[in-house]
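# A look at the structure
Below, each chain spelled out in residue letters.
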Amino acid sequence: MAVRIEPRPSIAVDPASRARRIRKDRFFVSLMALALFVGVASLVTLLVDVFVAGVPRLSWDFVNSFPSRFAERAGIRPALYGSLWIISVCTLFSVPVGIGAAIYLEEYSKPGRLQRLIEVNIANLAGVPSIIYGLLGLAVFVRLLAFGRSVLAGGLTLGLLVLPVIVIAGRESIRAVPPSIREAAYALGATKWQVVSRQVMPVALPGFMTGIILAVSRALGETAPLITMGALTYVTFVPGGVLDRFTALPIQIFNWTSRPQSEFQVTAAAGIVVLLVVLLAMNAIAIFVRNRFERKW
Amino acid sequence: MGGGVPGELRGRRRPLERIVKWILFACAGLTVLTTAGIVLALAGETVGFFREVSPAEFFGGTKWAPDFGARSSFGVLPLINGTLLVALIGVVVAVPLGLGIAIFLSEYAPSRVRRILKPFLELLAGIPTVVLGFFALNFITKVLLRNTVPDIGIFNALSAGIVVGIMIIPTIASLSEDAMRAVPQGLREGAYGLGAGKRSVALKVVLPAALSGVMAAVILGFARAIGETMIVAIAAGNRPLLAFDPREAIQTMTAYIVQVSLGDTPTGSIAYRTIFAVGSTLFVMTFILNYVSHRIVSRFREVYD
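Residues numbered from 1 in each chain as written. Chains lettered and ligands numbered in written order. Predicted model: local features only at pLDDT ≥ 70, side-chain atom pairs only at ≥ 80, totals over all residues. Heavy atoms only, no water.

The secondary structure content of chain B amounts to 12 helices and two strands. Projected onto the principal axes, the alpha-carbon positions of chain B cover approximately 80 × 65 × 35 Å. Among the 305 residues that make up chain B, the fraction classed as buried is 53%. Once local pairs closer than 6 in sequence are excluded, the contacts in chain B between residues at least 24 apart make up 69%. (Helix = DSSP H or I, 4+ residues; strand = E, 2+ residues; numbered from the N terminus. Buried < 20%, exposed > 50% of the residue type's maximum accessible area, 1.4 Å probe, protein only. Contact = heavy atoms within 4.5 Å.)

Written as structure tokens, this is what we have:
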């Protein structure tokens, strides 16, 4: 049974089509390079634009002054303190709850409807626009629980907002702990909570830390939910307790950016420099923790 | 079984174990309560809103002027129009860029380059949106667009849309890249074995195989663009407009909520209820998009052993 193979001109050898293919390859690679370049360039342009405008305006007075009608005298003291306050409340609330939820989902809950409900729910919460959390905070914390438009209400609102971040990162780091560690502890007679608290958690902790730092840096930059729940935009005092009213650094930046005078744009840029430096430092710490304490099993 | 376990070590003698379990369950349950809280808070005020304004006027009206006392008009279409305009510009900007980056990272970049570029994307994702808004107004509009696009206002949908696009690049790029890297190596090797080049493998094998994940990433990016607030509140202006001209100032649903929240809104007033009605509309839109994205992933994912 002889099969006759039709001789056909080889595509690969045809020099014209080969040249065309190489041209197309190069074109495709340069398109991707262009995409990368635009992405990186916009980030670099943003940073340069902000730092060039903002850095000359920075001074100790800027950090330590109250806002003012005069751009050259305005400072971020109340905003800085306000941000510190709400971040503290946010962290105190979201970190324990987030760790607890992650441990429950990974170590305690059994696969089934309830677990699926909670999982789908957390995935969904991660996709809810932040401004909707502001409306939630306004309706529940400000009105229903009557915390007023206070540090407490703002911190809890942000706490709910970043909760999915902590839970998702925490679950991943718990999952990375090898089962053999748990089994060895059980074999020695440890109870479930002893296994979780003394064996699993210490190993999973660096993963939790990165998740927490990322969550806090997200909370630090959030503006919309705080404005929606009624944070102030012009404050001439520093909050002294959790029930005081407040403003936050991003809100102060927004306030200055939305003024028409160009001097206030410079002031806004200076505020942004402070915010970005803090955020970059936190991100650097997160990356450091991840690389330093990450263990391969 | 446990005849050998001494009584004092049995589970019921260890109340801590059970208390801990319930505490942890409460933590997980709180996330469900959060969703319930969002739905109830939005629904409660929205029902109140619809007692005063008919749904037909809200969803069918073409004029948004909620602040004019007796002559107020509550047609939400201009706000939806503004929201979609900005989000569409954003997606048009972000999809080619994000996909290009994803293909490069997944198929072309050596692992050393990947390790440098990935944190860069994370950095971009970590920039607060109020900073991006500042960038949209002070650079994209004042430096770039005012010198290139004729008749463009200081506040316009275009600059906000472009920067919203920049904002969602990391979302689209990293989720698409995950989907592409999940394509089994055997598929690529099979194509190479048949004589395909690198570009053909990337575009005709990997991209189609990862299409469900890529689509889900794009829809998720679109949902984020719709919910974005500070960029549009700063750069797009605050003018509810029913027109699809990117050079014009517009108002999105989110920017409206911010505009009202900046003033003093007495609770129970119609303005207060209006932001919840607009918020519900926004929530439903993003919820549907997130759901569709989730469904695409679980429904159309190509399963390779």
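Once the structure has been displayed, the description carries forward.
Broken down by element type, chain A carries 11 helices and zero strands. Counted from the first residue to the last, chain A has its helices and strands arranged as α-α-α-α-α-α-α-α-α-α-α. Taking 2.2 N^0.38 as the reference for a compact globule, 297 residues should give roughly 19 Å; the C-alpha atoms of chain A span a radius of gyration of 26 Å, well beyond that estimate. Considering only C-alpha atoms, chain A reaches an extent of 95 × 65 × 35 Å along its principal axes. A burial count over chain A gives 51% of its 297 residues as buried. At a minimum sequence separation of 6, the contacts of chain A that also span at least 24 residues come to 72%. Carbon and sulfur atoms make up 65% of the accessible area of chain A, which amounts to about 14,400 Å² in all. Positive and negative side-chain charges of chain A, numbering 29 and 15 respectively, have mean locations separated by a distance of 3 Å. (Rg over C-alpha atoms; globule rule 2.2 N^0.38 Å. Areas by Shrake-Rupley, 256 points an atom, 1.4 Å probe, with all protein chains shown as cover. Lys, Arg positive; Asp, Glu negative; His and termini not counted. Charge placed at Lys NZ, Arg CZ, Asp CG, Glu CD.)

What follows deals with the side chain of Thr252 of chain B. All names here are of chain B. Note that Thr252 resides in the loop between helix H10 (230–235) and helix H11 (253–262). Among the residues examined, Thr252 registers a relative accessible area of 3% and is labelled buried. What Thr252 contacts, discounting residues up to four positions off in sequence, is Leu79, Gly82, Thr83, Val86 and Val232.

Within this structure, the stated rule accounts for 15 salt bridges over all chains. Note that Glu107 of chain B and Arg188 of chain B form a salt bridge whose closest N and O atoms lie 2.9 Å from each other. Taken together, the residues span a long stretch of sequence, with Glu107 of chain B in helix H3 (residues 77–108) and Arg188 of chain B in helix H7 (residues 185–193) at a distance of 81 residues. When sorted by exposure, Glu107 of chain B lands in the same class as Arg188 of chain B, which is buried. Across the pair Arg239 of chain B and Glu248 of chain B runs a salt bridge whose closest N-O atoms are separated by 2.6 Å. A relative accessible area of 37% places Arg239 of chain B in the partly exposed class. Through salt bridges that share partners, Glu106, Glu119, Arg171 and Arg175 of chain A make up one connected network. (Salt bridge = Lys/Arg side-chain N within 4 Å of Asp/Glu carboxyl O.)

Let's shift gears to a positive patch on the surface. A cluster of basic side chains, namely Arg20, Arg23 and Lys24 of chain A together with Lys204 of chain B, defines a positive patch on the protein surface. Among the structural elements, Arg20 of chain A can be located in helix H1 (residues 15–54). (Patch = residues over 30% accessible without salt bridge, like charges linked within 9 Å, V, L, I, M, F, W, Y side chains within 5 Å.)

Another point: the interface of chain A and chain B. Interfaces are frequently sized by the accessible area removed from exposure as the parts join. On the chain B side, the residues contacting the 71 residues of chain A number 67 residues. Of the roughly 6,200 Å² buried at the junction of chain A and chain B (both faces included), carbon and sulfur atoms supply 79%. Seen at the junction of chain A and chain B, the total is two salt bridges. Note that Arg143 of chain A and Glu45 of chain B form a salt bridge whose closest N and O atoms lie 3.0 Å from each other. The tally of links between chain A and chain B comes to nine residue pairs in polar contact (both at pLDDT 80 or more). Ranked by residue count, the leading element in the side of chain A that touches chain B is H1 of chain A, at 19 residues. Within the side of chain A that touches chain B, the residues separate by chemical class into 47 nonpolar, 15 polar and nine charged. (Buried area = accessible area lost by both parts, 1.4 Å probe. Polar contact = N/O pair within 3.5 Å; in protein donor to acceptor, adjacent residues only side chain to side chain. Nonpolar A, V, L, I, M, F, W, Y, C, P; charged D, E, K, R; others polar.)

This brings us to a nonpolar patch on the surface. Residue and element names in this part refer to chain A. A cluster of nonpolar side chains, Phe27, Leu31, Leu34, Phe37 and Val38, forms an exposed patch at the surface whose accessible area comes to about 500 Å². Along the chain, the position of Val38 falls in helix H1. By relative accessible area, which is 34% here, Val38 ends up partly exposed.

The geometry of helix H5 (residues 130–144) of chain A relative to helix H12 (residues 270–300) of chain B is characterised by a closest axis approach of 9 Å and an angle of 135 degrees between their N-to-C directions. As the angle between them shows, H5 of chain A and H12 of chain B are arranged oblique. Regarding H5 of chain A and H12 of chain B, the two cross each other, and that crossing is left-handed. Across the interface between the two elements, Ile131, Ile132, Leu135, Leu138, Ala139 and Arg143 of chain A of H5 of chain A pack against Tyr272, Ile275, Phe276, Gly279, Leu282 and Phe283 of chain B of H12 of chain B. Considering only residue class, the contact of H5 of chain A with H12 of chain B consists of 10 nonpolar, one polar and one charged. (Axes fitted to C-alpha atoms, helices over the stretch in contact; angles between N-to-C directions. Parallel < 35°, antiparallel > 145°, perpendicular 65-115°, else oblique. Left-handed = near helix turned anticlockwise from the far one by under 90°.)

A separate point is helix H4 (residues 111–125) of chain B. Over its 15 residues, H4 of chain B runs 21 Å from end to end, which matches the ideal 21 Å to within 8%, given 1.5 Å per residue. Close packing links the buried residues of H4 of chain B with H1 of chain A together with H3 and helix H6 (157–181) of chain B. (Expected span 1.5 Å × (residues − 1).)

It is worth spelling out the packing of helix H9 (residues 211–227) of chain B against H12 of chain B at this point. All names here are of chain B. Close contact between H9 and H12 brings their axes to 8 Å; oriented N to C, the two are set at 170 degrees. Considering their axes alone, H9 and H12 lie roughly antiparallel with respect to each other. Between H9, through Ser212, Met215, Ala216, Ile219, Leu220, Phe222, Ala223, Ile226 and Gly227, and H12, the contact on the second element is made entirely by Leu282, Met285, Thr286, Leu289, Asn290, Val292, Ser293, Ile296, Val297 and Phe300.

Turning next to the packing of aromatic side chains. The tally for this structure, following the rule as stated, stands at 17 aromatic pairs over all chains. Taking 5.3 Å as the distance between ring centres and 65 degrees as the angle between the ring planes, the aromatic pair formed by Tyr104 of chain A and Phe25 of chain B counts as edge-to-face. Within this pair, whereas Tyr104 of chain A is found in helix H3 (residues 77–108), its partner Phe25 of chain B is found in helix H1 (residues 15–52), the two belonging to separate chains. Take Tyr104 of chain A: its relative accessible area is 8%, and that puts it in the buried class. Relative to Phe50 of chain B, the ring of Phe49 of chain B lies with its centre 5.4 Å away and its plane at 65 degrees, an arrangement referred to as edge-to-face. Take Phe49 of chain B: its relative accessible area is 0%, and that puts it in the buried class. Among the residues examined, Phe50 of chain B registers a relative accessible area of 25% and is labelled partly exposed. Put simply, the rings of Phe49, Phe50, Phe58, Phe59, Trp64, Phe74 and Tyr256 of chain B touch in pairs and so form one group of aromatic residues. (Phe/Tyr/Trp six-rings, centres within 6.5 Å; stacked < 30°, edge-to-face > 60°.)

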